[in-house]
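Here is how the chains run, residue by residue.
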Amino acid sequence: MATVIPDKNDLRVKALQAFAKEFGEDATFCACAPGRVNLIGEHTDYNEGFVLPMALPMVTVIAARPNQSHRCVVITMSGSIGHVDRAEFDISNRDEMKSGEPKWANYVKGPIANFTCDLPGFDALIVSSVPVGAGLSSSAALEVATYTLLEALSGCRTIELNIKAVACQQAEHEFAGVPCGIMDQFISVMGKEGHALLLDCRNLSTKHIPMVQEDCVFLITNSNAPHKLSSSQYTERREACYVAARRLNLKSLREATIADLDILKAQNVCEVLIKRARHVITEISRTVAAAQALEEGSFVKFGQLMNESHDSLQKDYEVSSQELDSLVSAAREIRGVLGSRLTGAGFGGCTVTLVKKDSVDELIKNIKRKYKGNPDFYVAIPDGGAREMGVNYCKSTDELH
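The structure displayed is predicted, hence computed values, not measured ones.

## Thoughts on the nonpolar core
Then, number 1: Counting 57 residues, the largest nonpolar core has Leu39, Leu52, Leu136, Phe218, Ile220, Leu253 and Phe302 as its most contacted members.
Then, number 2: Judged by nonpolar contacts, the second largest core, of 45 residues, contains Ile91, Cys117, Ile182 and Met190.

Spelled out as structure tokens, the structure:
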């Protein structure tokens with residue numbers, strides 16, 4: 001059956017109790033940020049298109065306390081019972097901070113280095129329910145949770161949320177060495193319960209899209225297959241998009257239409273270039289249509305667009321895999337499934353399926369019958385974004401925001 005996602009408040013209490021055990025005193029600040037799943041809009045970000053992610057109920061929580069020094073001591077608790085990992089570094093001159101080992105700490109160092117206000121040294125402890133390596137953006141959750149904690153520690157809160165998201169993106173570029181897009185940080189910062197987020201990757205404008213459908217949920221299925229999309233394959237696809245745009249005398253494929261494919265064909269460009277461009281052009285259009293379908297309450301239409309997205313990623317962009325196709329195929333066999341697609345860069349990771357609540361168990365059983373691997377399942381509806389949390393031990397909801 002589906003993995004039980006820990007309650008955010010229970011995770012908060014776990015972090016506070018673990019902090020007290022590790023550091024010998026109570027934390028005075030606490031913050032969290034969610035992972036995400038992209039519902040539609042794949043490989044559109046670097047083509048200045050649209051994406052439509054939602055925040056997940058899985059979060060990273062950080063408890064902390066100033067330590068009257070210029071050093072940070074950060075402990076992360078892994079999934080192994082009782083196992084902890086520790087990092088310690090100086091923040092007296094944040095302009096000179098560098099990435100290093102352990103690698104996970106770079107996702108904490110980056111936001112600290114990019115934070116514009118004065119900061120005290122502090123002790124911190126991290127717990128998380130966002131699975132690592134599943135394509136659900138555990139890295140952005142850690143970056144945004146860290147930044148939100150820094151706001152609480154300093155009393156210097158960022159009013160313009162897009163600035164906060166961009167600072168966390170820069171942290172990943174500079175300290176983790178990952179040239180990620182902006183989507184993960186935006187949704188982790190700006191997620192809203194019961195809503196997806198339509199992000200225009202050209203001008204970074206956003207719109208919360210309501211998802212009011214009481215009898216449907218999203219089933220996220222982690223293939224647990226290693227990612228096979230190499231950096232060179234990813235680069236090749238990006239370059240194909242840029243070449244197609246140049247051939248059309250356009251700034252990006254955001255400005256292209258289906259009719260422009262005939263222009264490319266007339267130029268006798270290779271079929272691969274046409275296929276890559278066709279995916280991006282149609283995926284941008286699908287994402288806009290999907291947001292409109294949600295606003296109109298048409299989940300059937302939304303599911304159809306999810307199916308079309310996967311088929312395009314499989315045939316035109318060629319970033320699916322046997323494992324992902326098997327998961328999608330098994331999902332589509334179930335009557336209560338409205339749509340299913342790979343989510344993320346592809347060649348591994350997860351699928352996301354829109355399904356009637358009363359069909360979830362049947363769906364999981366069918367995937368287990370048909371899929372040769374060992375998948376994990378998460379049932380989710382759109383949740384909220386980063387926030388500060390209370391620091392008492394009472395297991396009642398005491399979030400400050």
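## Overview of the sheet that holds strand E8 (residues 216-222)
Each strand in a sheet pairs with another by means of backbone hydrogen bonds, the pair being arranged parallel or else antiparallel.
Then, number 1: As summarised here, the arrangement of the four strands in space is E9-E10-E8-E11, forming an open sheet in which the pairing is antiparallel. Edge positions in the sheet fall to strand E9 (337-343) and strand E11 (376-380), since each has one partner strand and no second. Strand-to-strand twist of the sheet, defined as the mean angle between neighbouring strand axes without regard to direction, takes the value 20°.
Then, number 2: Direction of pairing for E8 relative to strand E10 (residues 350-356): antiparallel, over a ladder of seven bridges.

## Some details on the packing of helix H3 (residues 138-154) against helix H4 (residues 161-176)
Then, number 1: Their axes nearest at 10 Å, the elements H3 and H4 cross at an angle of 125°. In this view, H3 runs oblique relative to H4, as classed from their interaxial angle. Seen from above, H3 lies across H4 with right-handed handedness. Contacts from Ser139, Ala140, Glu143, Val144, Tyr147, Thr148 and Glu151 in H3 reach Lys164, Ala167, Cys168 and Glu172 in H4.

## Points about the pattern of salt bridges
Then, number 1: Inspection of every chain in the model, using the stated rule, returns 21 salt bridges.
Then, number 2: Taking the shortest distance from any N to any O, the salt bridge between Asp215 and Lys356 comes out at 3.1 Å. Here Asp215 is found in the loop between strand E7 (206-210) and E8, whereas its partner Lys356 is found in strand E10, with 141 residues between them in sequence.
Then, number 3: You can call Asp215 partly exposed: its relative accessible area is 35%.

## Quick notes on the environment of Glu255
Then, number 1: On the secondary structure map, Glu255 appears in the loop between helix H6 (231-247) and helix H7 (260-266).
Then, number 2: As a C-alpha pair, Glu255 and Glu362 span 107 residues in sequence and 42 Å in three-dimensional space.
Then, number 3: Filtering out sequence-adjacent residues up to four positions away, Glu255 remains in contact with Arg202, Leu250 and Asp260.
Then, number 4: Only 3.5 Å separates the side chain of Glu255 from the backbone nitrogen of Lys251, close enough to count as a polar contact.

What counts and what doesn't
Residues numbered from 1 in each chain as written. Predicted model: local features only at pLDDT ≥ 70, side-chain atom pairs only at ≥ 80, totals over all residues. Heavy atoms only, no water. Core = buried A, V, L, I, M, F, W, Y, C linked by side-chain atoms within 4.5 Å. Buried < 20%, exposed > 50% of the residue type's maximum accessible area, 1.4 Å probe, protein only. Pairing = 2+ DSSP bridges. Helix = DSSP H or I, 4+ residues; strand = E, 2+ residues; numbered from the N terminus. Axes fitted to C-alpha atoms, helices over the stretch in contact; angles between N-to-C directions. Parallel < 35°, antiparallel > 145°, perpendicular 65-115°, else oblique. Left-handed = near helix turned anticlockwise from the far one by under 90°. Contact = heavy atoms within 4.5 Å. Salt bridge = Lys/Arg side-chain N within 4 Å of Asp/Glu carboxyl O. Polar contact = N/O pair within 3.5 Å; in protein donor to acceptor, adjacent residues only side chain to side chain.

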